[in-house]
Structure formats: C-alpha cells, structure tokens
There are 2 protein chains.
Amino acid sequence: MADAQVPETHVLAIASHVTSGYVGNTMATFCMQTLGCEVSAIHTVNYSNHVAYRRVRGRKTPAAEITDLYAGLKSARLNDFDMLLSGYCPSAEVVEAVGHIARELRLASTLKPGSFFWVLDPVMGDNGRIYVAEECVPVYRSLLKDADLILPNQFEAELLSGVNINDMATMRQAIATLHQVHRTPHVLITSIRLPATTSNTPSAAEEDLATSAKLSVVGSTATSDMKPRLFRITVTALPIFFSGTGDMFASLMSGRLRQAAASAGLLTTKSWQSPDDVLPQDLPLARAAEKVLASMHAVLKDTATHYNAVVEEWTEAHSNGKAGDDEVDERHLRYTRAAEVRVVRNAGPLREPPDVEDFKAVSLNVGWEGAETTEEV
Amino acid sequence: MADAQVPETHVLAIASHVTSGYVGNTMATFCMQTLGCEVSAIHTVNYSNHVAYRRVRGRKTPAAEITDLYAGLKSARLNDFDMLLSGYCPSAEVVEAVGHIARELRLASTLKPGSFFWVLDPVMGDNGRIYVAEECVPVYRSLLKDADLILPNQFEAELLSGVNINDMATMRQAIATLHQVHRTPHVLITSIRLPATTSNTPSAAEEDLATSAKLSVVGSTATSDMKPRLFRITVTALPIFFSGTGDMFASLMSGRLRQAAASAGLLTTKSWQSPDDVLPQDLPLARAAEKVLASMHAVLKDTATHYNAVVEEWTEAHSNGKAGDDEVDERHLRYTRAAEVRVVRNAGPLREPPDVEDFKAVSLNVGWEGAETTEEV
C-alpha cells in the first residue's frame, strides 16, 4: 500500500480534452486522480476524440479563455498549486498563455523553494515531423528555463536542444545542452530508438538500445553545476500504436516524482534537485520512472490483449474477398478504438505498479567522477 | 470485492465542467471511473469553479457545439453508449440538444431492449427557487417520457409533476404522476425535508422523516401498469452545505443501478424494469441507492472532518475584533473550498461502500396489494 497514494498534491493540468478515449487531460486527470492527486483541469481543446481516428469535431480553446479561467481560479483563491503539468497546446498563443501562468506560479513560490514544480511536456511532433504550428518551437524553447522537468520525445529533444541525436554521445550532448544552456534541472527523454547502424561508437549496450522491440527512456537530474547525471530504463515495446501514452507517462511521472521527492526529503529544495552525491540510478527521477514504466507496461499489456482479440474477431468475420474502402475505414475505426489505453479497468496496476524490479534504472554516467560505472557491456 | 467494479459500462456524461472542485462532470466522471465505467464527457460549460464561490469565470457551451461533438462521436463509431447521464444545462437549447441525442440513442436501441438507459437529472432549482432559464422547465417535462430514471430534488419533482409535495400522500401522488402521466419508469427524489406540522396524516414515521437532521430519499420503480412501488431510505444529514452532492448521487447511482440490474438479470429488459412481484425494498433501484448513500455518507463524513478543522484553524487565527468585508469574503472562499467533497482521497469508500446495512431501504407501499406493509410505526 506504500505505493498507493502520493502525498496530497494539487496539480493544475493544462492540455486537451476528448469526449471519447484517453489522451491529454482525459488521460492525465484519471491517472493523477488514481494516484490520489487533486487535479484542476483547463482544456486547451474540447474534441470528440483524438486524431488517430482521422476525423474529429470540436473546438480549440482561444488563449484568452485559458487566461480567463486562470484569472477565475486566482480570484477565488484556488491557485495555490503544488504542480503544473502542461501538455498539448493548439497554438503558439496558448503556449505563451501557459508560460505566463507558469511564471506567475513560479514567482509566487520564490520565498518557498520547492513549493511549485512545473512538468512541461513540449508536445510538438514525433519521428521527424512537427504537428503543431512552427511558431510553437521558439516559444517552448524560451520557456525551458522556467520548467523543472521536461519530457520531450527524441525528436522534440532535438528541436529544443538543437542537437541531432543518433547515438549515446549525442544523446548526452542534447541533455547537457538542456541542463546548461536552457537551465532545465530535470530532463526525461521518452520513446528512444537509436539506429545501431549510424552509431559512431557501437557497443553491446547501444545495440541493445537500438533493437526494434525495445524502447528506452533516458533521464537526468542535473548536479549543482548543471552537469548531467544520466540513467536509462529499457522496456519491451509492444507492436501496437497506442495514443495517449505520452500523456499517461507525464501524468504518472508528476505524481510519482512528487512521491519520490517527498521520500528523499526534497520538497523544500528548489526544483527538488538531489544533492551532488546521489548517483544517477538513485535519483528520485529514476525511482519515479521505474514505477511509472512498470504501471504502464501492465496496463498496455492488458490493452494489447484486448486489441488482439478485436483484431482476431474482425479478421474472422471479414475473411472473404478483398475489403472495399468502406470496410477498410470501418476496420481502422474499430482497431483505433481497440487500442484506447484501458486505464479505467486497470486502476490497480496504476496504484500499485507490479514487477517494478524489471524496470531498474541503470547509470549511463560512464567515467563521470563520483559515479560508479554501471553501464552494461 | 464484489462491490468494487460494475459491469463494463460505457456512459455518455453531459454536464458542466469546473477546473477546480467537484461538481457536474468533474464529480461524475471521477465517481463513475472509480466504479470502473468508461465515461465520455461532453461539457455544457467550462468554468473555473462552481457558483458557491460567488465569482466564476469561463464559458457556456452553445447547443450547436454539443450537437457537433456528438456528431463527431457518431462519425467515428464511438456512440454505442450503454447509458446517458445528463445534468446541468445552461439553456433550454442545450436541454433540447441533449434530448435529441437521447432520443437518437433510444431509437438505435429499439431492437435491443435494455441496451440503452437514460439517467436524467433535471437540474432546475432547489428550495422553491428556479436557477436556470424558466424555458427549461417545459422542455424537461417533454423529455420525461424518454428518460428511464429521473433524479429530481423535492422542488424539481413539484415542477415536473405539478403536485405540491408537503406530506407522504402528496409525495406518492407526485411520483404516481411522473410514472403514469409522464411515463418515467424509475423515479428517485433526493433531499426530502417534509414539514411535520403541515402533514395532514401525521404518524411517527412521518415525524421521523421531518426531523431536521435527517434527509430522505424516496424512490419507485413502476409496475407494468405504471403503479408506484415506493421505498424510502433515511440518512443523517450533515450540517454543512456541500456542492456537487447531487452529481455525486446521480453518477454513483448510474453505475450501481447497472450493477444491480445485471445481478437481477434485467439488462435485456426494457428500462431494466423489475417484474411486478418484486417488492419495493427489493428493487435494484433500492439496492443501488443503499450502496450509493453508504458511499456518500463515508465521503461526506470525511469531508466534514476536514471542513471543521479548517473552520477551527480560521477561527483561532481571526479571534480578535470584528471582521471587515474583505475578511468575511476571504473566510467565505476558504470555507467554500474546505467543503469541496473529498472524493479523490476517498476512492476506497466509493468502490466498497461501508456499513451498507445502516442504509436499508424500507417499503412505503402501505396497503399496496402484493407488497408487505413494512412501514415503520
């Protein structure tokens, strides 16, 4: 039961809302509430469903409305948040509005270090493609110095740091840039697939990292002089595209990081930054990521079982002849829905992550003074 | 654990959203998800907080946007709902839009009786005061024939039935009218406080009903000839005003009623209506209400403890001199927030209602043929 609830935590969550399915705030609110957090949600869009269905209805929230909702909270004295989790913003103006809110909350916490923590998920694109307005990129870059933890995927980390990531050395360089140039104390890069062939310093560890059925998460909490303290967790990837896993990861990380920081006695330390003698694999950030990945693996495995049953059922019912366009479309809708992450029926594994020992963080700080070399060979 | 999860249930929830606090969909979504339901939420407003704070920012959703979101669900084949729970609508046009959606879902279920169930919470007012546009009243009245269960409070039951409720006889008459004239098979009237003095057939049972520290819920599932089968559950009222308890009741009832109907083998029966030989106190509606009131009592008791601690703290800190207007306002905001129902930290009692035996439904069908007379004397 120790894992079940995080300390009382009031989170402002700014992201998208969908009526059906689980992405953005719809995913994040449930995940954080299941961990026991109070979640105040401002929706950056109100859509019928997520875009993987290839059709969507609804409305983007103008930046002025987001600012207005926050002003309402302030006027009713409801803005004493412990954390801000910000995700998808439909325009650069909305990114700016979120930045203003974050800076105001940061300013209000000046005299109480650690009393406000911003988890920024810089949702911009994936796999080499930007899917928001290009103007968002420089705005996100300008906000990095105010964020405590950022959760870019590999492509977003490249956009923010300006470093092309194609091996562990460039990964390290990108994270060092985010710490040192952009002053972000915690960085966690998700969904990493490094091509083994382009690696200029191949090693057994890196080949393992690049195997297609494996995904890595690489994280770091900077030392007091903003040097990276790198760790990695490798997980088995499921061969199905799930929407909302980024939001699931970010929201569970928010709750678990606060829990781990509380255990480490860091909640009154600026940015919950660990003392310099804490090893990469012992960071609260690593501890939190282990639990989150264990929870996610259990939930996604159950979702995959459900998905495969739907695929099998469909295939059996449509085994005759070539499918027409309509049938292909129907199948796409059915499969997309079957891939909705089954969080609601899996609150148990969210609260109590199973098999956490299979998701051990490993230090990547080869040769870094003060840290053991624990990288696998 | 038998109580923990309801059968897999997909609910369309149409009600208000607030960023901070728990009313409308913000309350209902969490409660139903905690019971294991898939909830698809369409928000009729997006507000910063509920109105008890006496200041609110945000936007009402135009009826056309609600219709559009539903069209989006339909186009992506995401509208095969088992249930609809509808709550606060900011205008008569929105009530009408919800009615269209409900009728369409009803029509689609014609060949599969029991496959769609509409829980209609006709939010119009309380304690003799209408707090929505007057035009909503006739629209709600016109929708009653399409609803399966309605959850009016005493005042709303009067508005809908046209019967003034001031004793058990008129209560019975109001419910009979809703069954027979308006064709609603299940009726549950919440928050009943009958004045003992105006009762024209005083009895020990009715005096008990009228004690100020007690609240009653009176429910009925009509027989096949639309006669009432009345039961009552009396609960101890807490002397604090909590917002969102109506939404909490409606959402928990939705999940628990489906669970009770499944146990009774009624999910393929039109409106989950029990056979005529089922006694009032044995109705799935009664079974569900017992669990819901047990859960709510536990959660509200915990909220009251928290509230009282806040009041005590405030009183100690402000014991000197007369409070100015600003201080009175600050106190109001603090107390209102302290009265936010603590659902998130009380998911346990929502999933597993404690002391259900203290919330036993009692038959009110005095002298009704076929039912035992079990009313207390």
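- Under an unreviewed UniProt entry, the name given to chain A is pyridoxal kinase, and the organism recorded is Cryoendolithus antarcticus.
- Looking at chain A in UniProt, the text filed under Sequence similarities (unreviewed entry) is "Belongs to the pyridoxine kinase family."

Observations regarding the side chain of H17 of chain A
- Assignment of secondary structure puts H17 of chain A in strand β1 (residues 10–18).
- When its relative accessible area of 7% is taken as the criterion, H17 of chain A is described as buried.
- Residues within four places of H17 of chain A in sequence aside, it is in contact with T26, H43, V45, N46 and Y47 of chain A together with A41 and H43 of chain B.

Considerations on the sheet that holds strand β1 (residues 10–18) of chain B
Residues and elements named next belong to chain B.
- Spatially, β3-β2-β1-β4-β5-β8-β9-β10-β11-β12 is the arrangement adopted by the 10 strands of the open sheet, whose pairing is mixed. Two strands lie at the open edges of the sheet, namely β3 (58–60) and β12 (362–363), each paired on one side alone.
- Across 7 bridges, the pairing between strand β10 (residues 214–221) and strand β11 (residues 230–236) is antiparallel. In the sheet register, G219 faces β11, and the bridge partner there is F231.
- Sheet strands touched by helix α1 (residues 24–34): β1, β2 (38–47) and β4 (83–86). Its angle to β1, the strand with the most contacts, is close to 145 degrees.
- Against the sheet, helix α2 (residues 63–75) makes contact with β1, β2 and β3, and its axis sits at roughly 160 degrees relative to β2, the strand it touches most.

Looking at the relation of the copies chain B and chain A
- When chain B is fitted onto chain A, the two copies agree to an RMSD of 0.0 Å after a turn of 180 degrees and an axial shift of 0.0 Å. Accordingly, the operation relating the two chain copies is best matched by a two-fold axis. Among all C-alpha atoms of chain B, that of F30 of chain B lies closest to the rotation axis, at 3.7 Å.
- The share of interface residues of chain B whose copies in chain A are also at the interface is 100%, consistent with both copies meeting through the same surface.

Regarding the interface of chain B and chain A
- Listed per partner, the contact involves 47 residues of chain B and 47 residues of chain A.
- Counting the surface chain B buries against chain A, the share from its top three residues, T19, R337 and R345 of chain B, is 16%.
- Between R337 of chain A and D80 of chain B there is a salt bridge; the shortest N-O distance is 2.9 Å.
- Across the chain B-chain A interface, the total number found is 26 residue pairs in polar contact (both at pLDDT 80 or more).

Examining the pairing of β10 of chain B
Residues and elements named next belong to chain B.
- Taken across its 8 residues, β10 has 7 buried, putting it largely inside the fold.
- Bridge count between strand β9 (residues 186–192) and β10: 5 bridges; the pairing is antiparallel. Within β10, the residue paired with I189 across the bridge is V218.

Quick notes on the pattern of salt bridges
- Summed over the entire model, instances satisfying the criterion amount to 32 salt bridges over all chains.
- Ionic pairing is found between E65 of chain B and R59 of chain A, a salt bridge with its closest N-O pair at 3.8 Å. One end of the pair, E65 of chain B, is in helix α2; the other, R59 of chain A, is in strand β3 (residues 58–60), on a second chain.
- Among the residues examined, E65 of chain B registers a relative accessible area of 22% and is labelled partly exposed.
- Across the pair D146 of chain B and K145 of chain B runs a salt bridge, and its minimum N-O distance is 3.8 Å.
- The network of salt bridges with shared partners includes E8 of chain A together with D302, R342 and R345 of chain B.

A look at the packing of aromatic side chains
All names here are of chain B.
- One pass over the full model with this rule turns up 6 aromatic pairs over all chains.
- Each ring, one from F117 and one from W272, has its centre 4.0 Å from the other, and the planes form 20 degrees; the classification is stacked. Residue F117 is found in strand β5 (residues 117–120), and its partner W272 is found in the loop between α8 (245–263) and α9 (284–317); the two are separated by 155 residues along the sequence.
- Residue classification places F117 among the buried residues on the basis of a relative accessible area of 0%.
- A relative accessible area of 2% places W272 in the buried class.
- Centre to centre, the rings of W314 and Y335 are 6.5 Å apart; their planes meet at 80 degrees, and the pair counts as edge-to-face.

A few points about α8 of chain B
- Compared with the 27 Å implied by 1.5 Å per residue over 19 residues, the 26 Å span of α8 of chain B between its first and last C-alpha is a close match.
- Counting buried residues in α8 of chain B gives 15 out of 19 residues, a clear majority hidden from the surface.

Section: helix α3 (residues 92–108) of chain B
Residues and elements named next belong to chain B.
- Over its 17 residues, α3 runs 24 Å from end to end, which matches the ideal 24 Å to within 8%, given 1.5 Å per residue.
- Taken as a whole, α3 has its buried residues at A92, V94, V95, A97, V98, G99, I101, A102 and L105.
- Here the buried face of α3 lies against β1, β2, α2, β4, β5 and α4 (136–143).

What to know about the pairing of strand β5 (residues 117–120) of chain A
Residues and elements named next belong to chain A.
- Here β5 shows a buried face lined by F117 and V119 and a second buried face lined by W118 and L120.
- Bridging between strand β4 (residues 83–86) and β5 involves 4 bridges; their strand directions are parallel. Of the residues in β5, the one forming a bridge with L85 is V119.
- One crossover worth recording links β4 to the parallel β5 by way of helix α3 (residues 92–108), and it is right-handed.
- When β5 meets strand β8 (residues 149–150), the two strands line up parallel, connected through 2 bridges.

Details of the nonpolar core
- Counting residues in hydrophobic clusters, the biggest one holds 63 residues, and the most contacted among them are M248, F249 and V343 of chain B.
- At 14 residues, α9 of chain B tops the list of elements feeding residues into this core.
- The residues touching F249 of chain B, leaving out its near neighbours within four places in the chain, are L151, L188, T190, V217, V292, L293 and M296 of chain B.
- Counting residues in hydrophobic clusters, the runner-up holds 61 residues, among them M253, L257, M296 and V341 of chain A.

Concerning the confidence of the model for chain A
All names here are of chain A.
- For chain A, the average pLDDT comes to 91, and 90% of its residues sit at 70 or higher.
- Confidence over residues 196–211 falls short of pLDDT 50; this stretch has 24 contacts with residues more than four positions distant or in other chains.
- Considering only residues more than four positions removed or in separate chains, one finds that residues 367–377, a stretch of pLDDT under 50, has 28 contacts.
- Confidence metrics for the complex model read pTM 0.93 and ipTM 0.92.

Calculation criteria
- Residues numbered from 1 in each chain as written.
- Chains lettered and ligands numbered in written order.
- Predicted model: local features only at pLDDT ≥ 70, side-chain atom pairs only at ≥ 80, totals over all residues.
- Heavy atoms only, no water.
- UniProt positions renumbered as here; feature names shortened; annotations may be inferred.
- Helix = DSSP H or I, 4+ residues; strand = E, 2+ residues; numbered from the N terminus.
- Buried < 20%, exposed > 50% of the residue type's maximum accessible area, 1.4 Å probe, protein only.
- Contact = heavy atoms within 4.5 Å.
- Pairing = 2+ DSSP bridges.
- Axes fitted to C-alpha atoms, helices over the stretch in contact; angles between N-to-C directions.
- Least-squares fit on C-alpha atoms with pLDDT ≥ 70 in both.
- Buried area = accessible area lost by both parts, 1.4 Å probe.
- Salt bridge = Lys/Arg side-chain N within 4 Å of Asp/Glu carboxyl O.
- Polar contact = N/O pair within 3.5 Å; in protein donor to acceptor, adjacent residues only side chain to side chain.
- Phe/Tyr/Trp six-rings, centres within 6.5 Å; stacked < 30°, edge-to-face > 60°.
- Expected span 1.5 Å × (residues − 1).
- Right-handed = clockwise from strand over helix to strand, strands pointing away.
- Core = buried A, V, L, I, M, F, W, Y, C linked by side-chain atoms within 4.5 Å.
- pLDDT = per-residue confidence, 0-100.

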